[in-house]
Amino acid sequence: ESVTVALGGDGADELLAGYPTFLAERLAIAYQWFPRRAQGCASWAARQLPVDHGNLSFDFKIKQFLRGAGAPASLAHQRWLGSFTGAEIRELLIDAPAVDVEAEHQERARQLAVGADDVSRSLALYQDTYLPEDILTKVDRASMACGLEVRAPFLDTELVDMIQGLPANLKLRGRQGKWILKQAMGGRLPPAIARRSKKGFGIPVARWLRGPLGSLLDDLLGEASLRRQGLFRPEFVARLVHEHRVGWVDHRKPLWTLLMFQLWHRHWLSGV
């Protein structure tokens, strides 16, 4: 018989600080105590690292960390996960909106968790944005395309209310996220499962963009196409593509985002 219903673990990371970005948040607090000269040296040293287009390579993680390390916690998470900073969005768009998207993001964080500690405020943002707009959307589309219904027991309303009332140190303790969950399941799961590091759903985007997706980049992000569309500055996008192709900078996140937007735009708005 075919499987039609499955249980998923979605929600646990957003409720219990399971993402590596929560450890990065703690490291960023220490980083912000460094003198400006030391921070500048760290940034310089990171830029000297050779680019490795492997999935979540060391240099990618270091450089991505530094993108958000000097920002307030709520904004740091956005820069670590996102593709563009507010300044980069203004540079990318031909008619950039007057709104400051990063200031708007921080205000959203303040309103979600008034008076909360940094970890709880960051968790509230993940629950309000990343979980419904990315994680659950992805799982729903991928599973339903195969006729599979995935249920999320961690998002039971009573369980969510209980977890949200717990202090942050029961969620993130030392270098371990989902601390209370791991304690609760310690006698029920094999140690190799309970203690293993987090494994995401990474794909070799950086390499694809330099290889099999190269012609698609030229088609959708080429100068002629962008000038006809009138949304993105061709010279800015051309620099991203060139630097990625020659291996100077790993631009996997912004280029993948732009490529997916262009495919969506072509399908739904261009009538192609």
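Residues numbered from 1 in each chain as written. Predicted model: local features only at pLDDT ≥ 70, side-chain atom pairs only at ≥ 80, totals over all residues. Heavy atoms only, no water.

Section: the environment of Val160
Part 1: Considering the arrangement of structural elements, one finds Val160 in helix H9 (residues 157–164).
Part 2: Spatially, the C-alpha atom of Val160 lies 38 Å from that of Ala96, the residues being 64 residues apart in sequence. (Helix = DSSP H or I, 4+ residues; strand = E, 2+ residues; numbered from the N terminus.)

With respect to helix H7 (residues 101–112)
Part 1: Here H7 is 12 residues long and its end C-alpha atoms lie 16 Å apart, about the 16 Å a rise of 1.5 Å per residue gives.
Part 2: Three or more residues of H7 are buried, namely Glu102, His105, Gln106 and Ala109. Buried positions in H7, seen along its axis, are confined to an arc of 95° and lie on one side of it. Opposite its buried face, H7 presents the exposed residues Glu104 and Gln111, each directed more than 90 degrees away.
Part 3: Packed against the buried residues of H7 are helix H5 (73–81), helix H6 (86–92) and helix H8 (118–144).
Part 4: A distance of 3.1 Å separates the backbone nitrogen of Glu102 from a side-chain oxygen at the start of H7, and that oxygen is part of Asp100. (Expected span 1.5 Å × (residues − 1). Buried < 20%, exposed > 50% of the residue type's maximum accessible area, 1.4 Å probe, protein only. Arc of directions from axis to C-beta. Contact = heavy atoms within 4.5 Å. Polar contact = N/O pair within 3.5 Å; in protein donor to acceptor, adjacent residues only side chain to side chain.)

Some thoughts on the side chain of Thr85
Part 1: Note that Thr85 resides in the loop between H5 and H6.
Part 2: Since its relative accessible area comes to 12%, Thr85 is described here as buried.

Concerning the confidence of the model for the protein
Part 1: Summary statistics for the protein give a mean pLDDT of 91 and a share of 99% for residues scoring 70 or more.
Part 2: When pLDDT is averaged over each helix and strand of the protein, the minimum, 84, is found for helix H11 (residues 191–194) and the maximum, 97, for helix H15 (residues 234–246). (pLDDT = per-residue confidence, 0-100.)

Details of the nonpolar core
Part 1: Counting 17 residues, the largest nonpolar core has Leu92, Leu209, Leu221, Val237 and Leu258 as the members making the most contacts within it.
Part 2: The set of elements that each furnish at least two residues to this core consists of helix H12 (205–210), helix H13 (214–221), H15 and helix H16 (252–268).
Part 3: Per element, the largest residue contribution to this core is four residues, and it comes from H15.
Part 4: By size, the runner-up hydrophobic cluster in this structure holds 10 residues, among which are Ala17, Val119, Leu123 and Leu131. (Core = buried A, V, L, I, M, F, W, Y, C linked by side-chain atoms within 4.5 Å.)

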